[in-house]
Amino acid sequence: MTTLTGSGLWRFLILQLFLVHLLALLSGATAKQQPHIVFILADDYGWNDVGFHGSQIKTPNLNKLAFEGVRLENYYVQPICTPSRSQLMTGRYQIHTGLQHQIIWPCQPHCVPLDEKLLPELLKEAGYATHMVGKWHLGMYKKECLPTRRGFDTYFGYLLGSEDYFSHERCIFIPPLNKTACALDLRNGEEAAADFKDMYSAHVFTAKTIDLIASHDPGKPLFLYLAFQSVHAPLQVPDKYMEPYSFIQDERRRHFAGMVSVMDEAVGNVTEALKKHGLWDNTVLIFSTDNGGQTLEGGNNWPLRGRKVTLWEGGVRGVGFVTSPLLKNKQVINRELIHISDWLPTLVNIAGGSTNGTKPLDGFDVWKTISEGEPSPRNELLHNIDAIYDDPSPCPGTSNKRLPSEATVNSWSSIFNTSIHAGIRYKNWKLLTGYPGCGHWFPQPNSTDAEEYWSPDSPKKQIWLFDIESDPTEREDLSSKHPTIVEHLLQRLAYYQNTSVPIFYPDDDPHCDPSATGVWGPWA
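All residue numbers refer to position in the chain's written sequence, counted from 1. Thresholds applied to this predicted model are a pLDDT of at least 70 for local features of residues and 80 or more for the giving and counting of side-chain atom pairs; totals over whole chains, interfaces and linings are not thresholded and use all residues. Processing note: side-chain calculations cover all non-hydrogen atoms of the structure and skip hydrogens and water entirely.

## Let's talk about the state of the cysteines
The disulfide criterion used throughout: a pair of cysteine sulfur atoms within 2.5 Å. With the rule as written, the count across this model stands at four disulfides. With a sulfur-sulfur separation of 1.9 Å, C171 is cross-linked through a disulfide to C182. In this structure the cystine formed by C171 and C182 twists about its S-S bond by roughly 115°; its chirality is therefore right-handed. Here C171 is found in strand β6 (residues 169-174), whereas its partner C182 is found in strand β7 (residues 179-184), with 11 residues between them in sequence. Throughout, exposure labels follow a simple rule: accessible area from a 1.4 Å probe, protein chains only, divided by the maximum for the residue type, with under 20% read as buried, over 50% as exposed, and the rest as partly exposed. On the basis of relative accessible area, C171 is assigned to the partly exposed category, the value being 44%. If the cysteines joined by disulfides in the chain are listed in sequence order, their pairing comes out as 1-8, 2-3, 4-5, 6-7. No disulfide involves C81; its nearest neighbouring cysteine sulfur is the one of C111, lying 15 Å away. The secondary structure listing takes helices from DSSP runs of H or I that are at least 4 residues long and strands from runs of E that are at least 2 residues long, numbered from the N terminus.

## Considerations on helix α10 (residues 483-499)
Over its 17 residues, α10 extends 25 Å from the first C-alpha to the last, a length consistent with the 24 Å expected when each residue adds 1.5 Å. The complete set of buried residues in α10 reads V486, L489, L490, L493, A494 and Y496. Each buried residue of α10 lies within a common arc of 165° when the element is viewed along its axis, so the set occupies one face. For α10, exposure combined with an orientation more than 90 degrees from the buried face picks out T484 and N498. Between two residues, a contact is recorded if the distance between any of their heavy atoms is within 4.5 Å. Contact partners of the buried residues in α10: β15 (380-386), β16 (421-426), β17 (429-433) and β18 (463-467). The span you would expect from a helix comes to 1.5 Å times its residue count less one. This arc describes the spread of directions from the helix axis toward the C-beta atoms.

## What about the pairing of β17?
Among the five residues of β17, five are classified as buried, and the element is accordingly described as predominantly covered. Neither face of β17 is open: one carries W429, L431 and T433, the other K430 and L432, and all of them are buried. DSSP calls a pair of strands paired once it identifies at least 2 bridges connecting them. Here β16 pairs with β17 via five bridges, running antiparallel. Of the residues in β17, the one forming a bridge with G423 is L432. The hairpin turn running from β16 into β17, its antiparallel successor, is two residues long, and K427 in that turn takes a positive phi close to 55°. Here β17 pairs with β18 via five bridges, running antiparallel. For L431, the partnering residue across the bridge sits in β18 and is L465.

This is a description of form; function is not addressed.
In structure tokens form, the structure reads like this:
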């Protein structure tokens, strides 16, 4: 037996201390390992279109993931596509990016401003591999607007707002040319992807997503953004997915239900791939809709009021959940106020990144709210301010906009022009002004449980106040009972209006015409 003495003993002790320190460093590095982030965005997915809200549509995979994680039951999105996606990617309200009005149409020379730093860019700076599959819809008139120029390493998907699920073509009327143009809208990177005709988009996008997962090194952090075409119109789905819904008499709802089932299956397949390839234990998966359901195309938001494109709860309260082995609290329902703009600061934070270089954010880091149940740092939420709002799907028999001559002058006009389409939430209170969009309650097709259908409001009405916590279906207007709260929220709308940038909604550019190439894409 050898006995260490003198300098030999000191060297041995120093070596032991070094090894202990090294192990501690390695342990700390493991504890702070950057999580993989998978963000799944559904399109036009309504409140009453998911099983865990009591829908007749079967969503076993979404139900399971939601029940295992944190269901977000006070979660808000924007009422239409481009604004929700822009706020997800920038962490900023649409009033601060010029996107207050409608969407970015195919021939508009427009995209999310190029001086905005997007979520994938920030995650890429934090060391992430960044991949996107699916719908972009944030502008494409020049190459600098494309996903691969805005932070994504790879992209497979379509650039416009909707298309045929099988042919992957989009037909658009181009007013300056007085013609309708039809062309392919599917790309692999920046090149046209013409080999997927007659292949259903949800299946194609799922296969591409699984390929990315299978080829990814689990040791490198992954950001995967899967933006399904499902369940946006047109109502198209392989017949076998409609078979379980033969009991649904309404044809649109039956097609829609089949489309939801395809998406639910796809989410389950993506989740299984994450587990199979060793990524799941270090993954945070977020599921969100981009806006409320479009009742004209089979979607449903019952018992919430309104639908897609409106500021009623049916347009802006979103289906959403977070699931992950990394959550401290699991199998819970979270009723804290959370908005789609909160994802950027939240995800950058859990990634160990920095939001330096962004413009001032409107979103909040809500990770502790989600994972640990802490109160939300957000107590106010601007839904939107759009002075030129028009509803492309107005209530039957009504106009799609509120004309100035129809607006009545009231005692609040000196604070904020209440004829303007606007909405704001403060804690439990929600204020709407102007014409919020069609205010009917739309029951599930063929149901008999509807207490009310038509909106009781006068066409000239322009102020509503609701206590959303006690009245989530927006049936009792309290504006006359709480004038102090109305005044406060109008002052906040005035504040936001003063911080807004002008609406940018350019005319169509005839140079967008894809006839020469047969593919929609950049032209400027």
